[in-house]
Amino acid sequence: MKIIGHLITLMDRLNRLLLGLCKLAMIVLVGAIATDIFVGVFSRYVLGSALAWYEEVAQYLMVWMVFCGSPLVLKQGGQISLGLVVDRFPPHARMIAYATIYAVVFTFLCLLAYHGSGLAWMAQRQQMTSLPVSFSVIYAAIPFGAAIMAAVSFEILLRALAGLSDPENTELFTPDPMAETVEAGTRQNAPDIAANL
Amino acid sequence: MPITFFWIFAGLMLFGVPIVFALAAAPLAGFLLAEKVFFLKMVPQRMFGGMSQFHIIAIPMFILAGEAMNTGGITQALVRFAKVLVGHVRAGLAQTNILASILFSGISGSAVADSSALGSILIPAMKKEGYPTAFSAAVTAASSVIGPIVPPSIIMVVYAYVMQVSVGALFLAGIVPGLLLGLGLMLMTAIIGHRRDYPKSDKRASLTEMRNAFKSAFLPLMTPVVILGGIVSGIVTPTEAAGVAVFYSLFIGLFVLRTISLSDLPRIFYRTGLMSSGIILMIGAASIFAWAVTISGVPQTVGAAMVRLTDDPLLLLLMVSGVLLIVGMFLDAIPAVLVLGPIFAPPVIAAGVDPLHLAVVMCVNLTIGLATPPVGMLLFVTSTVSGEKIEAITKEIWPYLLVHLGVLLAITLFPSIVLTIPHFFGFR
């Protein structure tokens, strides 16, 4: 059991680092996609000359954005799942179920990372249609995101195992307050607004 | 390939594996069992191909526009505008809730965003005026269904992409059903309000108040006009229109109303990224699943079975609608469209149902599923916002679910409700 505790600490540190990177990259990428679309529309409809690259660039930025964002969603427990059956289990059985679930997820993500890196490796000579950028750079998003998601699901798996012996400690996911802040902005002054209605 | 993977998917999903991973992992297991290991290598490329589409960029852009509006205090402006219009009638705040949902639906394309944004303002306000919490939450959840029916709509973008329907036509086709839903919910609220003697505001809003409320709501209310105008006139693609909506909402927030500061942008982008990643990864996973579905020949089998039962288009449509209602009780709308659209649509269209009509029936149907027990995202969200138990909200939402079903039945039986506007604008 002690080994699991140590492993959790290790994975937690590693994932914090990786997810910090993902978060920064995702925020920048969302901004970049919006800017790219704006530049494309502006150029086509205001300046009257269509940019050859803007659609393609937006697509591939979006793929990277999704593979940077998905590990964050996983860590926060944000991927939709059907808790109908599992949530009715007694606590002990529920932890076993969660450990099994995330073992399945982990296995799938390892396969995806493996075959994804194969794809990125094979595509070295293939280039984007509109820009001289290798497809390896684009496909690399898949193994990148899948590997980090695998690390995150491994941590969740470990937490479920640890929760088996320590019923006080069954929190598997880590919500990020920043994901709430925009609404909280409205929610903080919600009573004032309600009063003024 | 045998359809074992389909049962693996169902098993994984019921067991609680996140749907996105169940969708992607089940075909892999199927390939391994069928000893088609070669297919495993092609999985990443299938996933990439499904996600890397220019149409799909409309999804993060619509989400971003909605987030920007929401941060910029637009939600409050819309609620205030709705309040000056209907606040003085019986159950005025409940009516305000529904009207605000209608107004908000032209900006946001997601029911969940709709219910959390409006719920966080209106549920506390309704509680304060003495409405039961469960009723306040139920009205919020029921009216949020309008969000993805009136354009813009994320589920319609997904449907249009999967089934090769025009997004513009689908958006136009959603307007009347969305407004019908709003009207029906308001009527039901009037009945409930009179029976239970719910409060109303003592005085009508003055003309000055109305003018002020209208002024602050006017620019945001123009968003759907900007989006639809661009798409319908054929000037821009839906993705470009969504990009214009982003620019429009940020411009209003940053420079006109000045309710957003530049330091808010990272948070707005962060939330947009999280929400879109969840949806788009699901689209990628569903492309793997759809590929396996095609290889296994499931659509032909299902199609043949359906046609053996009946070849009457209306009966087929009602049958599919019934199945979707049951599925929608358990499954979220977007994965349901991704999985069931390609299976159910071809035989129904082959029997003579207009593809656009089917599209709207499916989207409305599965969106209603978000508000139905036992698993409804909207019940979950409003339960979190209000602090009320899901069971209590469920008890209060029944009359509204009847309204939803009534509207669904009406648009199923009378295609012209759906098709008149898109036909008028030349979509066939």
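Source: prediction; values computed, not measured.

Q: Now, about the pattern of salt bridges: what can you tell me, with residues and values included?
A: According to the stated counting rule, one finds 11 salt bridges over all chains in the structure shown. The partner of Arg159 of chain A in a salt bridge is Asp12 of chain A, with the nearest N and O atoms 3.2 Å apart. Placement of the pair is Arg159 of chain A in helix 5 (residues 141-165) and Asp12 of chain A in helix 1 (residues 2-47), with a sequence separation of 147 residues. A salt bridge links Asp264 of chain B to Arg267 of chain B, with the nearest nitrogen and oxygen atoms 2.4 Å apart. The exposure class assigned to Asp264 of chain B is buried, which follows from its relative accessible area of 11%. Assessed through its relative accessible area of 22%, Arg267 of chain B is described here as partly exposed. Residues joined by salt bridges that share partners form a network here, namely Asp12, Arg16, Lys75, Glu155 and Arg159 of chain A.

Q: Before we move on, could you go through the packing of helix 4 (residues 58-71) of chain B against helix 9 (residues 154-163) of chain B and cite the residues and values that matter?
A: Relative orientation and spacing of two packed helices are given, respectively, by the angle between their axes and the distance between those axes. Residue and element names in this part refer to chain B. Remark: helix 4 packs on helix 9, axes separated minimally by 10 Å, with the N-to-C direction vectors making an angle of 170°. Judged by the inter-axis angle, helix 4 sits roughly antiparallel to helix 9. Residues Ala58, Ile59, Phe62 and Ile63 of helix 4 pack against Ile154, Val157 and Val158 of helix 9. Classifying every residue of the contact of helix 4 with helix 9 gives 7 nonpolar, no polar and no charged.

Q: Could you give me a rundown of the side chain of Ser276 of chain B, with the residues and numbers involved?
A: Looking at where Ser276 of chain B falls in the secondary structure, it is placed in helix 14 (residues 265-296). The exposure class of Ser276 of chain B is buried, given its relative accessible area of 0%.

Q: Can you lay out helix 13 (residues 238-256) of chain B for me, pointing to particular residues and giving the numbers?
A: Residue and element names in this part refer to chain B. If you check helix 13, its first and last C-alpha atoms are 25 Å apart, about what 19 residues at 1.5 Å a residue would give, namely 27 Å. Across the 19 residues of helix 13, 14 count as buried, placing the element largely inside the fold. Arg258, located one to two residues past helix 13, shows a positive phi value of around 55°.

Q: Quick rundown of the interface of chain A and chain B? Include the residues and the values.
A: Contacts between the two partners involve 68 residues from chain A and, on the opposite side, 71 residues from chain B. Between chain A and chain B lies a buried interface of about 6,200 Å² when both sides are counted; carbon and sulfur atoms form 79% of it. Across the chain A-chain B interface, the total number found is 1 salt bridge. Taking the shortest distance from any N to any O, the salt bridge between Arg44 of chain A and Glu240 of chain B comes out at 3.1 Å.

Q: Run through the packing of helix 8 (residues 133-144) of chain B against helix 20 (residues 390-413) of chain B, naming residues and quoting values.
A: Residue and element names in this part refer to chain B. The N-to-C vectors of helix 8 and helix 20 enclose an angle of 40°; their axes lie 8 Å apart at closest approach. The way helix 8 lies across helix 20 gives a crossing that is right-handed. Contacts between helix 8 and helix 20 involve Ala134, Phe135, Ala137, Ala138, Val139, Ala141 and Ala142 from the first element and Ala392, Ile393, Glu396, Ile397, Tyr400 and His404 from the second. The residue makeup of the contact of helix 8 with helix 20, split by class, is 11 nonpolar, 1 polar and 1 charged.

Q: Pulling in residues and values, what's your account of the environment of Ala333 of chain B?
A: Residues and elements named next belong to chain B. Looking at the secondary structure, you find Ala333 in helix 17 (residues 333-350). Given the relative accessible area of 4%, Ala333 is considered buried. Distance in space between the C-alpha atoms of Ala333 and Pro124 is 28 Å, their sequence separation being 209 residues. The residues contacting Ala333, other than those within four sequence positions of it, are Ile155, Leu366, Thr367 and Leu370.

Cut-offs applied
- Residues numbered from 1 in each chain as written.
- Chains lettered and ligands numbered in written order.
- Predicted model: local features only at pLDDT ≥ 70, side-chain atom pairs only at ≥ 80, totals over all residues.
- Heavy atoms only, no water.
- Salt bridge = Lys/Arg side-chain N within 4 Å of Asp/Glu carboxyl O.
- Helix = DSSP H or I, 4+ residues; strand = E, 2+ residues; numbered from the N terminus.
- Buried < 20%, exposed > 50% of the residue type's maximum accessible area, 1.4 Å probe, protein only.
- Axes fitted to C-alpha atoms, helices over the stretch in contact; angles between N-to-C directions.
- Parallel < 35°, antiparallel > 145°, perpendicular 65-115°, else oblique.
- Contact = heavy atoms within 4.5 Å.
- Nonpolar A, V, L, I, M, F, W, Y, C, P; charged D, E, K, R; others polar.
- Expected span 1.5 Å × (residues − 1).
- Buried area = accessible area lost by both parts, 1.4 Å probe.
- Left-handed = near helix turned anticlockwise from the far one by under 90°.

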